[in-house]
Amino acid sequence: MVDNVPIALTNLVDYEFNEVGFNQRLRLILVETDHPGKLPSWFDACPVLAIHKLAKQYDTQAGKAVGPSRYLALMALKQPIPQQMTDIRQKILTLQQAIQQRITPDTIVMLMLKAVKQCQFDDQLVLRNQRATDRLLLVHRQTEKTLVAVEVDLKNHILQLRTRTFKPVSAPQKMGFLVSDGCLRWAATASEKLWDQHHVHGRKNAIDFFTLRALADFTQTKVGLQNALLKDLKQVYGDCFRQLPHFHASEVMAYSPKAKVPAINQVIALLQGQNLHLMGDASEPDIRALVAHLADRVRTSPQLVQAGVTVSVGEQAVTGLNLQVVMDEQDPRYQVGCNDQVIQHLTFEKFGDFDADKQQYQWQGDQQVDLMANNQFLMTVVQLLVKRDISVCELRLPTVVKADTAGHFKYLFFNRLSKRTEPLNLVVTRLTITPDQRLIFEETHIKGEINDSTATELQQTVKRTLAVTGENPYLLQGAIQSKSDLFAIYGTNLITVPDAEKIAAQLRSASEENLVSRQDLLTVARGLVIDQKHASQQQQLIAELTQLQKTELSIRELRMALKLTWRKNAMKAFNAAFHQAQGQWLKLPIRQKTYAAYWTGTCGMGLLELAGSTYYFIGRNNALEAQQKRAIPLKKIVAIGSEQPKEDVHEIFHDLESLMQVGFVRLNQYTVIPFPFKYLREYSDLRRHRTDQMKAAAAANKD
């Protein structure tokens, strides 16, 4: 790799088996039966380390999977070969034989991960997997009524951790998952509480991607968990690998560091001299109260007043900009904009959370002087302005420079209406932006195969996009068309990951439980060589350390005792010098620029090359926070039909970067796909709502 080029880690796991080492320690057993009910007895009789359920053979004529149930079991070589059981066929495989039978290396690694996490020693001190379970589910947190687990999977060398929610099994159901040593295991019956997977709609039980508050918290995040999985795997089965499993590192190309993309200035400019009409059902007390509150806040908003924005209130839409307050997205009073009436909706369900302690809604207790400082309201106004752009077919919200760059391409949005097993049925919408920023939407409805002899240019472009070899059309998120080239963007299961090993090491050295000596602290403080203008800070620090009552204390106690803030220059120098002398941080500086290499791929944007394909990431555009909720996904970009795909992608990516450096799709953050797709989605939604409204009206007339 080239020096000084940023390096990003991904959840693509590189490894290489040591076949000799594996076969000297482990064996694989292929188990088949036409009576799957007998398999639990076989698994219980054998000291298996892990199991994996294999797919049955698929009969294309019958249109279904047929044949015996098939499992792959992992056992220690030193354990005796299990005895034959009636109706169960077993075949011992070496590593190479398993791979020759199209069992993927990832499947075998997953068996090893299950063995690491699920196995225990029995009464005879034999390591075995009691109640062997095909899925690897790690318990994350548990209450009386809810259990949140992490499901581990490895496919195509991509390590994935998915959050799963479970609820207690209720009568008359008797089967479910049993909690055992941090894992969930399948149990037909048990005296302990059983759990069943629960599909959460709406608000999910998420697990943080990472946190920097403390090492114990970090280890329970997805970054900490996946790092621990590979670490444990290497520790237990390191001799089975020629190349130990590790996260793939890639050079970052066309890298753009983070930059602020505030939306407020452009929004205020577009609202200049406009009227905001607030509408809602006056007979509904909650809606009436919220409409009145918002009207008052608009009238008193310093930014809106300065921009000359006026406000009106009513129950019906008027010409211009309308904000309708509804109870929820299913509210029958939901109105759809048409012609010169532009309507955006604000749901009481989301904006009106009730505080039982204060006996008021959250918006009533909002003390912010300016309503435009409320991100939820600001985003609602942004949505309204996007809809106005679509209504008048003119690109106004982005800056002139962004609009001009957007005009270099046409954008295709694919709305698939059919399921995977059904014939092709999709609506494709294409957006063209003219030199004078006019918006031209084209739409084509495609059912079944596209006939070349009758296909329009748009339909031929769709066919080229869908026919890309080796790509999953169901992951297609959009296509971008230039004068001579066509590019497709696909979603993936790949993410970028920070350097967890180094982060954990830093958190460990900054633990608040670590003990420090008062004498060591004083020695470092007295030896500081700092600028004379900060000498008074140094003297105050020495005085505070001298007054400490204990000769040895924890870092937590030290932080509580010191009055000087860690932002002072002398304190920064003291912290760095103490770490250099003692290997301990008094205040973790991990979010400073010095440690930016830990986070490459989670901030800014850039291109990565993986296995000959090109991907891009769109990370944070703001300062690193102590907690990050979500991972940064990788999008795959394909130059369709290109003889030099890598060069073509690099050539257009500068423009694409510009089209994602806008703050109105995700408020004040980069968008992960060029912003014209926002307009395509909104246009598609408006068409769908209008169609639904027409159908409902027609049905009502029939009645």
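Conventions and cut-offs
Residues numbered from 1 in each chain as written. Predicted model: local features only at pLDDT ≥ 70, side-chain atom pairs only at ≥ 80, totals over all residues. Heavy atoms only, no water. Helix = DSSP H or I, 4+ residues; strand = E, 2+ residues; numbered from the N terminus. Buried < 20%, exposed > 50% of the residue type's maximum accessible area, 1.4 Å probe, protein only. Areas by Shrake-Rupley, 256 points an atom, 1.4 Å probe, with all protein chains shown as cover. Lys, Arg positive; Asp, Glu negative; His and termini not counted. Charge placed at Lys NZ, Arg CZ, Asp CG, Glu CD. Contact = heavy atoms within 4.5 Å. Expected span 1.5 Å × (residues − 1). Axes fitted to C-alpha atoms, helices over the stretch in contact; angles between N-to-C directions. Parallel < 35°, antiparallel > 145°, perpendicular 65-115°, else oblique. Left-handed = near helix turned anticlockwise from the far one by under 90°. Nonpolar A, V, L, I, M, F, W, Y, C, P; charged D, E, K, R; others polar. Pairing = 2+ DSSP bridges. Polar contact = N/O pair within 3.5 Å; in protein donor to acceptor, adjacent residues only side chain to side chain. Patch = residues over 30% accessible without salt bridge, like charges linked within 9 Å, V, L, I, M, F, W, Y side chains within 5 Å. Salt bridge = Lys/Arg side-chain N within 4 Å of Asp/Glu carboxyl O. Phe/Tyr/Trp six-rings, centres within 6.5 Å; stacked < 30°, edge-to-face > 60°. Disulfide = S-S within 2.5 Å.

1. Some words on the overall build of the protein
Scanning the protein from terminus to terminus reveals 20 helices and 36 strands. Along the three orthogonal principal directions, the C-alpha set of the protein runs to about 85 × 80 × 60 Å. A buried classification covers 49% of the 703 residues belonging to the protein. Of the roughly 35,700 Å² of accessible surface on the protein, 49% is carried by carbon and sulfur atoms. One finds the centroid of the 83 positive side-chain charges in the protein at a distance of 3 Å from the centroid of its 72 negative side-chain charges.

2. What to know about the environment of Leu 522
Its place among the elements puts Leu 522 in helix H15 (residues 518–526). Taking the C-alpha atoms as reference points, Leu 522 and Thr 546, 24 residues apart in sequence, are found 7.3 Å from one another. In this view, Leu 522 contacts Ile 542, Leu 545 and Thr 546; residues no more than four positions away in its chain are not counted.

3. Some thoughts on helix H6 (residues 222–237)
The α-helix advances 3.6 residues per turn, and as a result positions three or four apart in sequence lie on the same side. Along its 16 residues, H6 runs 22 Å from first to last C-alpha, staying within 8% of the 22 Å computed at 1.5 Å per residue. All of the buried residues in H6 are Lys 222, Val 223, Gly 224, Leu 225, Gln 226, Asn 227, Leu 229, Leu 230, Leu 233 and Tyr 237.

4. Here we look at the packing of helix H7 (residues 264–271) against helix H11 (residues 375–392)
Two elements in contact, H7 and H11, have axes whose closest approach is 11 Å; the angle formed by their N-to-C orientations is 55°. Considered as vectors, H7 and H11 are oriented oblique to each other. For the pair H7 and H11, the crossing hand works out as left-handed. From H7, Ile 264, Val 267, Leu 270 and Leu 271 reach across to H11, where they touch Leu 378, Val 381, Val 382, Leu 385 and Arg 388. Residues that form the contact of H7 with H11 fall into these classes: 8 nonpolar, no polar and 1 charged.

5. Considerations on the sheet that holds strand S21 (residues 320–326)
One open sheet holds the 4 strands; their spatial order is S20-S19-S21-S22, and the pairing between them is parallel. Since the sheet does not close on itself, it has two edges, and those belong to strand S20 (310–314) and strand S22 (341–347), each with one partner. With strand direction ignored, the average angle separating the axes of adjacent strands in the sheet is 25°. Inspection of the sheet shows strand S19 (residues 275–279) paired to S20 by 5 bridges, in the parallel sense. Within the sheet, the bridge partner assigned to Leu 278 lies in S20 and is Val 313. Across the sheet, H11 touches S19, S21 and S22, and the angle it forms with S22 is around 155°.

6. Examining unusual backbone geometry
Its identity is not glycine, yet Asn 156 carries a phi of approximately 55°, on the positive side. Locating Asn 156 in the fold gives a position in the loop between strand S11 (147–155) and strand S12 (158–168). Note on Asn 156: relative accessible area 65%, which makes it exposed. The backbone phi angle of Asn 668 is positive, close to 60°, even though this residue is not glycine.

7. Here we look at the side chain of Asn 129
Locating Asn 129 in the fold gives a position in the loop between strand S9 (127–128) and strand S10 (136–142). At 3.0 Å, the side chain of Asn 129 forms a polar contact with the backbone oxygen of Leu 49. Engagement of the side chain of Asn 129 in a polar contact is seen with the side chain of Arg 185, the distance being 2.7 Å.

8. Thoughts on a nonpolar patch on the surface
Among the surface-exposed residues, Phe 121, Leu 125 and Leu 127 lie close enough to one another that they form a single nonpolar patch of about 340 Å² accessible area. Counting through the fold element by element, Leu 127 comes out in strand S9.

9. Observations regarding the pattern of salt bridges
Applying the stated rule across the entire model yields 30 salt bridges. Notably, a salt bridge pairs Arg 688 with Asp 685, separated by 3.3 Å at the nearest N-O pair. On the criterion of helical spacing, the pair formed by Arg 688 and Asp 685 is a turn pair, its members being 3 residues apart in helix H20 (residues 676–702). On the basis of relative accessible area, Arg 688 is assigned to the partly exposed category, the value being 42%. The network of salt bridges with shared partners includes Glu 512, Glu 513, Arg 556 and Arg 559.

10. Observations regarding the packing of aromatic side chains
Evaluated as defined, the whole model comprises 17 aromatic pairs. Ring geometry for Tyr 411 against Phe 677: centres 5.8 Å apart, planes inclined by 80°, an arrangement best described as edge-to-face. Of the two residues, Tyr 411 sits in strand S25 (residues 410–416) while Phe 677 sits in helix H20, which places them 266 residues apart along the sequence. Under the relative-accessibility criterion, Tyr 411 is labelled buried at 0%. Owing to a relative accessible area of 0%, Phe 677 belongs among the buried residues under this scheme.

11. Examining helix H8 (residues 285–300)
End to end, H8 covers 23 Å across 16 residues, agreeing with the expected 22 Å (1.5 Å per residue, within 8%). Those residues of H8 not exposed but buried are Ile 287, Leu 290, Val 291, His 293, Leu 294, Ala 295, Arg 297 and Val 298.

12. Overview of the sheet that holds strand S6 (residues 69–76)
On the basis of which strands lie adjacent, the open sheet formed by 4 strands has the order S3-S6-S2-S7 and antiparallel pairing. Edge positions in the sheet fall to strand S3 (48–54) and strand S7 (88–93), since each of these pairs with one other strand and no more. Strand-to-strand twist of the sheet, defined as the mean angle between neighbouring strand axes without regard to direction, takes the value 25°. One ladder, built from 8 bridges, connects strand S2 (residues 26–33) with S6; its direction is antiparallel. Bridge pairing links Glu 32 to Arg 70 in S6. Packed onto the sheet, helix H4 (residues 105–118) meets S2, S3 and S6 and runs at close to 140° relative to S3.

13. Some words on the pairing of strand S15 (residues 194–198)
Pairing of S12 with S15, which is carried by 4 bridges, proceeds in the antiparallel orientation. Along S15, the bridge assignment pairs Pro 168 with Trp 195. Across 2 bridges, strand S13 (residues 176–180) lies against S15 in antiparallel orientation. The residue of S15 that forms the bridge with Phe 177 is Trp 195.

14. Quick look at the pairing of S19
For S19, the buried fraction is high: 4 of the 5 residues fall into the buried class. For S19 and S21, the ladder comprises 4 bridges, and the chain directions are parallel. Considered in S21, the bridge of Met 279 is made with Gln 324.

15. Looking at the side chain of Asn 575
Along the chain, the position of Asn 575 falls in helix H18 (residues 569–582). What makes Asn 575 buried here is its relative accessible area of 6%.

16. Things to note about the packing of H15 against H18
Following both chains from N to C, one finds H15 and H18 inclined at 120°, their axes separated by 9 Å at the closest point. Between H15 and H18, the interaxial angle falls into the category oblique. With respect to the hand of their crossing, H15 and H18 are arranged in right-handed fashion. Residues Asp 520, Leu 521, Val 524 and Ala 525 of H15 touch H18, and the partners they reach there are Phe 574, Ala 577, Phe 578, Ala 581 and Gln 582.

17. A closer look at the state of the cysteines
Applying the stated criterion across every chain yields a total of 0 disulfides. No disulfide involves Cys 46; its nearest neighbouring cysteine sulfur is the one of Cys 119, lying 13 Å away. Between Cys 119, a free cysteine, and Cys 183, which holds the nearest cysteine sulfur, the sulfur-to-sulfur gap is 9.6 Å. Here Cys 119 falls in the buried class, since its relative accessible area comes to 14%.

Taken by themselves, the reported measurements are silent on function.
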